[in-house]
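# Coordinate inspection notes
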Amino acid sequence: MDDQDLLRYSRHILLEEFGIDGQERVSAGHVLVIGAGGLGSPALLYLAAAGVGRITIVDDDRVDLTNLQRQIAHSTERVDAPKVRSAAEAMRALNPTIRIDCVEQRASPTELRTLVAEADVVLDCSDNFATRHAINQACVSAGRPLVAGAAIRFDGQLSVYDSRDASSPCYACLFPPDSEFEETRCAVLGAFGPVVGTIGTLQANEALKLLAGVQPSLAGRLLMFDGRRTTFDSMKVARDPACGVCGHRPGETRA
Ligand SMILES: [Zn+2]
């Protein structure tokens, strides 16, 4: 770390739980962020600002005027630009010292497995169940911690699914792939900008803690934010031994 880095990251380095060691781990880290929309925008900006050494962004969408009310990594002049490029531009303006890889496509389950295996921490900032389950599957297979956020209307939720911890559930333990969940989309129901931003920011909070080694993580708890009442609630969540995704892990016998 040179003098410029010591200055740039000084307010993180000053934190007792973080320190130079934490910053060095963050600088050596690789975070994969799937989705550069409302959740991905603040998450990507905070990860870039904190100096995550390598950030890979996956999104196949282009910036639309209707995005700008909440997707703060984008700008009016970048309407119609690919979201990965637009987000990377905003991140580079904050911190030109990091490596940013753009994957301008909707990643298939096979591609996700490759991308996830290369990363240290994965952020699910996507907006549909099929992608969420594909990301979770890839994270369980590769043993990578997953920070999953979601927000719609005035409601947000967040958890960390860390399959390296035998007691931690995976996303499918809580939201089984075969159950009938109504897909709720913000294009139909609306999404309050600061609620989406709060959850995306908290995803960066958990990702940086995982990289730097700041304990405890949110694994084993589901956090819920009600932006209308401005309240946070959390509940303990347990691993489902019968889960079709993580129910049988290498070296374990199925109950
Ligand atoms: Zn599971």
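The structure under discussion appears in the preceding block.
Here goes a summary of the coordinates provided. As the structure is a computational prediction, the values presented were derived from the model and not from experiment.

## Quick word on the overall build of the chain
For the chain, the helix and strand inventory stands at 10 helices and eight strands. Computed over C-alpha atoms, the radius of gyration of the chain comes to 18 Å, within 12% of the 18 Å expected from 2.2 N^0.38 for 255 residues, which places it in the range of a compact globule. Taken along its principal axes, the extent of the C-alpha atoms in the chain is 55 × 45 × 40 Å. Contacts spanning at least 24 positions in sequence make up 65% of the contacts within the chain whose residues lie at least 6 apart. As displayed, the chain has an accessible area near 12400 Å², and 51% of this comes from carbon and sulfur atoms. Both charge centroids of the chain, one from 26 positive and one from 33 negative side chains, sit 1 Å from each other.

## Some remarks on the packing of helix 4 (residues 40-49) against helix 10 (residues 193-212)
Closest axis-to-axis distance for the helix 4/helix 10 pair is 7 Å, and the angle between their directions is 35 degrees. Handedness of the crossing formed by helix 4 with helix 10: right-handed. Residues P42, A43, Y46 and L47 of helix 4 lie in contact with helix 10, whose contacting residues are G197, G200, T201, A204, A207 and L208. Residue composition of the contact of helix 4 with helix 10, grouped by class: seven nonpolar, three polar and no charged.

## Digging into the pairing of strand 2 (residues 54-58)
When you tally the buried positions in strand 2, you get four out of five residues, the bulk of the element. Examined bridge by bridge, strand 1 (residues 30-34) and strand 2 share five bridges and lie parallel to one another. Looking across to strand 2, one finds that V33 is bridged to I57. A crossover links strand 1 with its parallel partner strand 2, the connecting element being helix 4, and its sense is right-handed. Each parallel crossover has a hand, and for strand 2 linked through helix 5 (residues 83-94) to strand 3 (residues 99-103) it is right-handed.

## Structural notes on the side chain of Q23
Mapped onto the elements of the fold, Q23 is located in helix 3 (residues 19-28). Of note is the side chain of Q23, whose polar atom sits 3.0 Å from the backbone oxygen of A50. When sequence neighbours within four positions are dropped, the list of residues in contact with Q23 reads M1, Y9, H12, I13, F18, A50 and G51.

## Describing the coordination of the zinc ion
Coordination of the zinc ion by the protein comes from C170 (SG), C173 (SG), C243 (SG) and C246 (SG), over a distance range of 2.3 Å. Around the zinc ion, the four donor atoms are arranged such that angles at the metal cover 93 to 123 degrees; this shape is classified as tetrahedral. Read in sequence order, the donor residues for the zinc ion give the motif C-x2-C-x69-C-x2-C. Here C246 lies in the segment after strand 8 (231-236) and C170 lies in the loop between strand 6 (155-161) and helix 8 (171-174), a separation of 76 residues in the sequence. Exposure remark for C170: the relative accessible area of 1% places this residue in the buried category.

## Some points on the sheet that holds strand 5 (residues 146-152)
With respect to topology, eight strands assemble into an open sheet ordered 3-2-1-4-5-6-7-8, the strand pairing being mixed. Across the chains shown, the open sheet's two edge strands, defined by having one partner strand only, are strand 3 and strand 8. Across this sheet, the average inter-strand angle for adjacent strands is 15 degrees, counted without regard to direction. Sheet analysis places strand 6 next to strand 7 (residues 221-226), joined by four bridges and oriented antiparallel. Counterpart to Q157 in the pairing with strand 7 is M224. Most of the contacts of helix 6 (residues 109-118) go to strand 1, to which it runs at about 150 degrees, and overall it touches strand 1, strand 2, strand 3 and strand 4 (121-124). The sheet contacts of helix 10 involve strand 1, strand 4, strand 5, strand 6, strand 7 and strand 8, and relative to strand 5 the element is tilted by about 175 degrees.

## Quick word on the nonpolar core
With 43 residues, the main nonpolar core has L47, I55, I57, M91 and L123 as its most contacted residues. Of all the secondary structure elements, the ones that give two or more residues to this core are strand 1, helix 4, strand 2, helix 5, strand 4, strand 6, helix 10 and strand 7. In terms of residue count, the dominant contributor to this core is helix 10 (nine residues). What L47 contacts, discounting residues up to four positions off in sequence, is V31, V33, V52, I55, L123, A204, A207 and L208. Residues A134, C243, V245 and C246 belong to the second largest nonpolar core, which totals 29 residues.

Rules and cut-offs
- Residues numbered from 1 in each chain as written.
- Predicted model: local features only at pLDDT ≥ 70, side-chain atom pairs only at ≥ 80, totals over all residues.
- Heavy atoms only, no water.
- Helix = DSSP H or I, 4+ residues; strand = E, 2+ residues; numbered from the N terminus.
- Rg over C-alpha atoms; globule rule 2.2 N^0.38 Å.
- Contact = heavy atoms within 4.5 Å.
- Areas by Shrake-Rupley, 256 points an atom, 1.4 Å probe, with all protein chains shown as cover.
- Lys, Arg positive; Asp, Glu negative; His and termini not counted.
- Charge placed at Lys NZ, Arg CZ, Asp CG, Glu CD.
- Axes fitted to C-alpha atoms, helices over the stretch in contact; angles between N-to-C directions.
- Left-handed = near helix turned anticlockwise from the far one by under 90°.
- Nonpolar A, V, L, I, M, F, W, Y, C, P; charged D, E, K, R; others polar.
- Buried < 20%, exposed > 50% of the residue type's maximum accessible area, 1.4 Å probe, protein only.
- Pairing = 2+ DSSP bridges.
- Right-handed = clockwise from strand over helix to strand, strands pointing away.
- Polar contact = N/O pair within 3.5 Å; in protein donor to acceptor, adjacent residues only side chain to side chain.
- Donors = N, O, S within 2.8 Å, 3.2 Å for Na, K, Ca; no water.
- Tetrahedral: all angles 85-135°; square planar, octahedral: opposite > 155°, others 65-115°.
- Core = buried A, V, L, I, M, F, W, Y, C linked by side-chain atoms within 4.5 Å.

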